[in-house]
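Per-entry structural report
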Amino acid sequence: MMEILTESDLRIGFFVRGEREFLIDPDTVITEESRIFAEHHGLRIERRKAGSGVQRPVTVSPGKAKPEHMTNLNAQELVPKNDPRITFRGKLDTFQAQLLRVIAKCYKYNSPKLAEYLYEAVELLRKVMAADVRNEPLPEWTFLGLSPEELRERSHHPEIYYNMKHQPPEADMRYAALELNLLRAQSREVEMAFSCAFIEGTSVKRGDIATLLNRLSSGLYILYCRAAGGEFDGCQAAGGGTQCCQAASVPAKVMQVPVEVSARHIHLTKSDVEKLFGTGHRLTCKRELSQTGEFLSEERVALRGPKGEMTNVAVLGPERPATQVELSLSDARVLGVNPPIRLSGDLSGAADIAVIGPKGELEARGAVIAARSHIHLAPEDAKEMGLQDKQLVSVEVKGDRPVTFQDVVVRVKPSFRKFMHIDFDEANAAHIGKDAVGLVRP
Ligand SMILES: [Zn+2]
């Protein structure tokens, strides 16, 4: 149901369909531009009654009382025509008209999918117009099937989501990309007009509209990237492509894993627990870890190597068949040991170290490794991501010190939960804090 009668609606009706009378719903808003257009072309606009029949026609002749340089901001308020909010509405209207033109071309050049996307943009502009005229909050919205947050994320990483590097616009580009680039630039102009009307100092009066306009240009940028990659090739200029909206090789799903940083720790056998903490002692759980069944225990030990000692080292439970110490290479340097890079459980070539507990100490031979970075996956996750146990993948971590980890081992087990594990050296190399996410590439 139409909620705003815009000048574009009248233009299309009048020029395309030859209509001279327009029947609208009782609550439909008529923009000032529509009134002027209707007046200029002698069109009649009539309001439909809620039931049936026709109510009074809307007067489109110039109001006697209204001076030429004034216009209606809303039903109550008259403002001069150079009011920034009127300028903003004019920009919205122009932008909508430009979108409609491109939509018409999309149909002509057999690219209905792109036309559909752009029509979503038109609908959003109409919502903005209605929210502004009625001074009501915007309803919830999506664009291209994406939430505002997703639009932002995806427009920042077209290389990840659409396999497209940013391409500066150039004349030899695909025609659809050029059209979309123009629309994107025009959407920025709408945003500028919005800023002039709604931003005072550092505060914005209509944050909801600001967000929508900002994400709308993100969405148009996403479409631009997709078009540049050939996704809407049916939309090429005359004589161009003939396929209809062929999808480019878009990766099915971006595979993300949360990254956890493992501090230095030790796993102990039952008998080593007793040697260090006393006969009959069992590890006590202080906190459960991300992997099912694993826990950080209350117990602590000290490690002593040829060059130094480290106290307060975490003991992870439950007890294991072999005692294993996992250190970063920085730790190893401090202690004076030389561990190999190994997956947990693989102690071939592992280094020796002395472990000291409150009730005793032991020499752990062939127990020290520097953990190889790995990803834990449950079988369902592995299947969804198309990965297999022992597969090696690259994991990119973004941030102010982006790092790509190579040869990360995928480990699949029913008890596993989706996490990547790295040690402190690796985390510092990539300046990783809490809530880091790695992007997995097979
Ligand atoms: Zn792990």
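Residues numbered from 1 in each chain as written. Predicted model: local features only at pLDDT ≥ 70, side-chain atom pairs only at ≥ 80, totals over all residues.

Let's shift gears to the overall build of the protein. Secondary structure summary: the protein contains 12 helices and 23 strands in total. A burial count over the protein gives 35% of its 442 residues as buried. (Helix = DSSP H or I, 4+ residues; strand = E, 2+ residues; numbered from the N terminus. Buried ≥ 20, exposed ≤ 12 C-beta atoms within 10 Å, placed from the backbone.)

Right, let's get into the sheet that holds strand β23 (residues 437-441). Around the barrel, which closes on itself, the 6 strands sit in the order β10-β22-β19-β21-β20-β23 with mixed pairing between neighbours. In this sheet, adjacent strand axes meet at a mean angle of 40 degrees when their direction is disregarded. (Pairing = 2+ DSSP bridges. Axes fitted to C-alpha atoms, helices over the stretch in contact; angles between N-to-C directions.)

Moving on, we get to the domain arrangement of the protein. Split by domain assignment, the protein resolves into domain 1 (1-65), domain 2 (80-251), domain 3 (263-370) and domain 4 (374-441). Between domain 1 and domain 2, the residue contacts involve 8 residues of the former and 9 residues of the latter. For the side of domain 1 that touches domain 2, the per-class residue count stands at 2 nonpolar, 3 polar and 3 charged. (Domains from an automatic or database assignment. Contact = placed C-beta atoms within 7 Å. Nonpolar A, V, L, I, M, F, W, Y, C, P; charged D, E, K, R; others polar.)

Burial in helix α9 (residues 270-277) covers these residues: Asp272, Val273, Leu276 and Phe277. All buried residues of α9 lie within an arc of 110 degrees about the axis, which places them on one face of the element. (Arc of directions from axis to C-beta.)

With that settled, the discussion passes to the pairing of strand β21 (residues 403-412). In the case of a regular strand, side chains alternate between the two sheet surfaces. Taken together, the 4 bridges between strand β19 (residues 374-377) and β21 define a ladder with parallel strand orientation. Bridging from a neighbouring strand, His376 pairs with Arg411 of β21. Bridge analysis of strand β20 (residues 392-397) against β21 gives 5 bridges, and the strand direction is antiparallel. Note on β21: the bridge partner recorded for Glu396 is Thr404.

Counting through the fold element by element, Ala378 comes out in the loop between β19 and α11 (379-385). For Ala378, a count of 16 C-beta atoms within 10 Å corresponds to the partly exposed category. Residues Ala378 and Asp389, spaced 11 residues apart in sequence, show a C-alpha to C-alpha distance of 9.9 Å. Sequence-distant contacts of Ala378, that is, excluding residues within four places in its chain, are made with Pro414, Phe416, Arg417 and Lys418.

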